[in-house]
Structures are given as structure tokens and as C-alpha cells.
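A closer look at the structure
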Amino acid sequence: MASTITHTVLAVLLCVLAVVARTNLDKQSSDFNLSKILPLFDEDGICNLVVEKQGYVCQEHKDAVSWMINSPDESLAFILADNGFDVWLANTRGTNYSRGHTSVDPNDPSYWDWSWDELVAYDLPATVQYVHDQTGQKLHYVGHSLGTLIAFAAFSQEKLLNSIRSAALLSPIAYLAQMSSFLAKTAADAFIAEFLIIFQDLYWLGIKEFAPRGEAAVKLLEDICKNPENNCSDLMTSFTGPNCCVNSSKTNDFLDHEPQSTATKNMIHLAQMIRQGTIAMYDYGSADENNKHYGQPTPPVYNMSSIPKNLPLFLSYGGQDYLSDVDDVKTLLNALKDHDADKLLTQYREDYAHADFVFGENAKQVVYDPLMAFFMLQ
């Protein structure tokens, strides 16, 4: 890695690792067509197929791609590299690029015995430590969606603090009680109980991988789409909100790559958050089972007000976001009301929905430039 780079960034889309540094400033974005090469990632790797073709040096540790679906002058990973940052990209468990477990095969149900609690307790700390050990630097963290949730939870337990310089959290998710995606609209109190039972039934039947294109997910979507109030003709908008600034030509690239598999247990955990309106560990369904796991009858809560007040945080959220709802973000900001004023920067974009923060054509100007300025002050 070049010795002139003094800032290291770990970007987590949740959405394994690739390091990107810019060497050629001649962008050839007109030739950039990700949809033609997505199926080849498992064979040749992201460095060869995407990064090096854009004139960047790339050191491959595993794969990651979502931060690079747009052209280099619109994709955060490339933009950070252009500005002298040492960029590391991470995936979460269950994705196509994160199945290299050393002892458990994805066909083994035990491979899927996790929720985002395990990402907080094990995966994120291990990833941060790995990058820290490789670079010898404290990191700037960028998270989007679930990548923000696991960061908030880890920070609330005072994890990662010795290795993190600051964090930028886009479409921040900590609370989900007000989530306004069509899934949540359908999931009124009675339905969310049924929704939870569906996932629990899958779990206890041994269907522990929840594949978004699998039979169980298709059946669930069919049931949701029977409700005439739900618009299933535009699923991306129905799930994420009316994105103002995503190039429609990139939607197919996004849908070719996302969403990917997760654990059924993780889906249950997220459904619990929607139903209960809290940010807590996985609820095993009874006082006895919770006592076995936690030594108490209810799951421990992740206390957002316990996040260290001097940790530099950049939060950016949108008024059209169906997943990171404005009211839920306000609940989060209220929990952070005692945060040091000079260490918490919030940005609100009335026109932005969930996908705009990653794929918006103007995201560089309205989000990424302020984000980088924030990093440079830390």
C-alpha cells in the first residue's frame, strides 16, 4: 500500500475484502457495464473484473461489489480512493462472497444459526481488527442500512473503539417501529405476528437459509402482494422508497446482485424489532430459553445512549426512505441527544430514499463530499 495514504476506510453495505487505490485518473465510465460481469465474480474476482479495468490498483482478499455498481465518478469506493483513502470493502455472512467458512458448509443448517447479534459480537470486530492489523491505522467506518445497525450496537457495547477513528452511517437503522416500506405497511400488528410465525416455522422446519429468490420468499411475497394496497409492480420502490436519483439503467445491475441470502433467524430478529419497537438481542420466545442464553428472562437491550459521546459520527438520512424512517431516526437522535455537539454531524435529504445513498447519481456532491470532509477533520 502506498505510504502516502494516511486515511483508511472500511465500507460495509451489508452488502471479503478488497483494497482499492487509484493510479490512473482517466475514467472510462462510458465502458463500465457491471451487469455483463456480475456472473463472473466467483471465477475471476472483483479486482480483475471491475477495479483494475477502471485504472485502480486492487489487492484482493475476497469479493465485494455493491459500493462500485455505479461508474467510478459516482461510486463511493472509487471516490474515496481518488481522494487518497485506502479503501476496504466488507460483506456480511450468507452473501455469495462470504461463504468461505473453514469447517461448516452452507448446506449445513448450523451454518445459518445466527442473527445480526453474531455480526456485532464476532464478524464486525474480526473484520475491523483484520484491516487494522493489515494497515496499522485506525479506521473510518462507512455503513449503510444493516451496516449501520451492527455498528450502533457494537459502539453501544464499547466495541471497536480502539480501532475506529470515526463513523459515517448512511440510512441509519437502529429502531424499526415506524418503518414505512410496503412490507411494514402490510405488517400491521396482527400480520406482524403472523409474519413472525412464518419465519419461525421455517426455522424450526430446518429451513435456516432465507434465500430472497427461494420458494419460501416467493410465497411470502405472493401473500403480501394479494393486498391491493401494496404496489408490487415496482419492488425496489416498494421496499426502499421512491429513490430520486438512482439511474434506472442501474436498477437491473442492483437487482442482479441484491438482495442475497441471509439466515432465517436473522429475519426473525428483524421482525422482532419491527413488532416490539426496540433494539435488543434475539428473543428466543420464552423466559426459560432467554434465561439459558442471557441469564435473564428478556433479551438484553442495545442502549444507544451508551455510545461514547466523543465518538465522531456522521449520520445522513432521507425523507423518502421507507426502511430508515424519519421518525425512527428521530428516536435514535433523541437517544444521542447528549452526544458531544462537535462530534455528531447530521445531514437530512428530503428527496433521498434508501438506495439513493449508495446508487444516487448526485450522491458524490450531496453526501460523499461532506462525508469525506468530516473524515478529514477527525
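Structure report, in brief.

Parameters at a glance
Counting restarts for each chain, with residues numbered from 1 along the sequence as it is written. Whole-chain, interface and lining totals are the exception, using all residues; otherwise, since this is a predicted model, local features are given only for residues with pLDDT of at least 70 and side-chain atom pairs are given and counted only at 80 or more. Side-chain numbers here rest on the full set of heavy atoms in the structure, without hydrogens or water. Labels follow the DSSP assignment, with helices taken as runs of H or I lasting at least four residues and strands as runs of E lasting at least two, numbered in each case from the N terminus. Helices are assigned an expected span. That span is 1.5 Å times one less than the residue count. Bend is computed residue by residue as the angle between axes fitted to the seven residues ending at the residue and the seven residues starting at it. The buried label goes to any residue with under 20% of its type's maximum accessible area, the exposed label to any with over 50%, and the partly exposed label to all in between, with areas taken from a 1.4 Å probe on protein chains only. Any two residues whose heavy atoms approach within 4.5 Å at even a single point are treated as in contact. Here, a strand pair is defined by DSSP locating no fewer than two bridges between the strands. Handedness is read with the strands pointing away from the viewer; a crossover is right-handed when the path from the first strand over the helix to the second is clockwise. Cysteine sulfurs are considered disulfide-paired once they come within 2.5 Å of each other. Pairing of aromatic rings covers Phe, Tyr and Trp, the last through its six-membered ring, and needs centres within 6.5 Å; plane angles under 30 degrees mean stacked, over 60 mean edge-to-face, and all others mean tilted. Definition used: whenever NZ (Lys) or CZ (Arg) falls within 6 Å of the ring centre and also within 35 degrees of the ring normal, the charge is taken to sit over that ring.

**Structural notes on helix α4 (residues 116–135)**
When the terminal C-alpha atoms of α4 are compared, their 27 Å separation across 20 residues agrees well with the 28 Å that a helix rising 1.5 Å per residue should span. Of all the bends in α4, the largest measures some 35° and sits at Asp123, one to four residues before the proline Pro125. A positive backbone phi angle near 70° is found at Gly136, which sits one or two residues after α4.

**Some thoughts on helix α11 (residues 264–276)**
Its 13 residues give α11 an end-to-end C-alpha distance of 18 Å, which sits within 8% of 18 Å, the value for a rise of 1.5 Å per residue. The element α11 is extensively covered by neighbouring structure, given that 10 of its 13 residues are classed as buried. Residues of α11 that are buried: Thr264, Lys265, Asn266, Met267, Ile268, His269, Ala271, Gln272, Met273 and Ile274. Directly beyond the C-terminal end of α11, a positive phi value near 70° is found at Gly277.

**Regarding the environment of Met273**
Within the secondary structure layout, Met273 lies in helix α11. Along the chain, Met273 and Ala177 lie 96 residues apart, while their C-alpha atoms are 7.0 Å from each other. Dropping the residues within four chain positions of it, Met273 is found in contact with Trp116, Leu149, Ala174, Leu176, Ala177 and Thr278.

**Topic: the pairing of strand β10 (residues 344–349)**
Residues in a regular strand point their side chains to alternate faces of the sheet. The pairing of strand β9 (residues 313–318) with β10 spans six bridges and is parallel. Along β10, the bridge assignment pairs Leu315 with Thr346. Crossover connection from β9 via helix α13 (residues 326–335) to parallel β10: handedness right-handed.

**Quick look at the pairing of strand β5 (residues 139–144)**
With respect to burial, β5 is a largely interior element, six of its six residues being buried. Every second residue of β5 is oriented toward a common face, with Leu139, Tyr141 and Gly143 on one face and His140, Val142 and His144 on the other, all of them buried. In this fold, β5 hands off to helix α5 (residues 146–156), which returns the chain to strand β6 (residues 164–170); that crossover is right-handed.

**Points about the state of the cysteines**
Inspection of the entire model under this criterion finds one disulfide. Disulfide pairing is shown between Cys244 and Cys245; the S-S distance is 2.3 Å. Between Cys244 and Cys245 the disulfide shows an S-S torsion of about -90°. By sign, it is left-handed. Owing to a relative accessible area of 36%, Cys244 belongs among the partly exposed residues under this scheme.

**Observations concerning the packing of aromatic side chains**
Considering all chains together, one arrives at nine aromatic pairs under this definition. Taken together, the ring pairs in this structure connect Tyr282, Tyr284 and Tyr294 into an aromatic cluster. Taking NZ or CZ as reference, Lys265 lies 5.0 Å from the ring centre of Tyr282, over its face.

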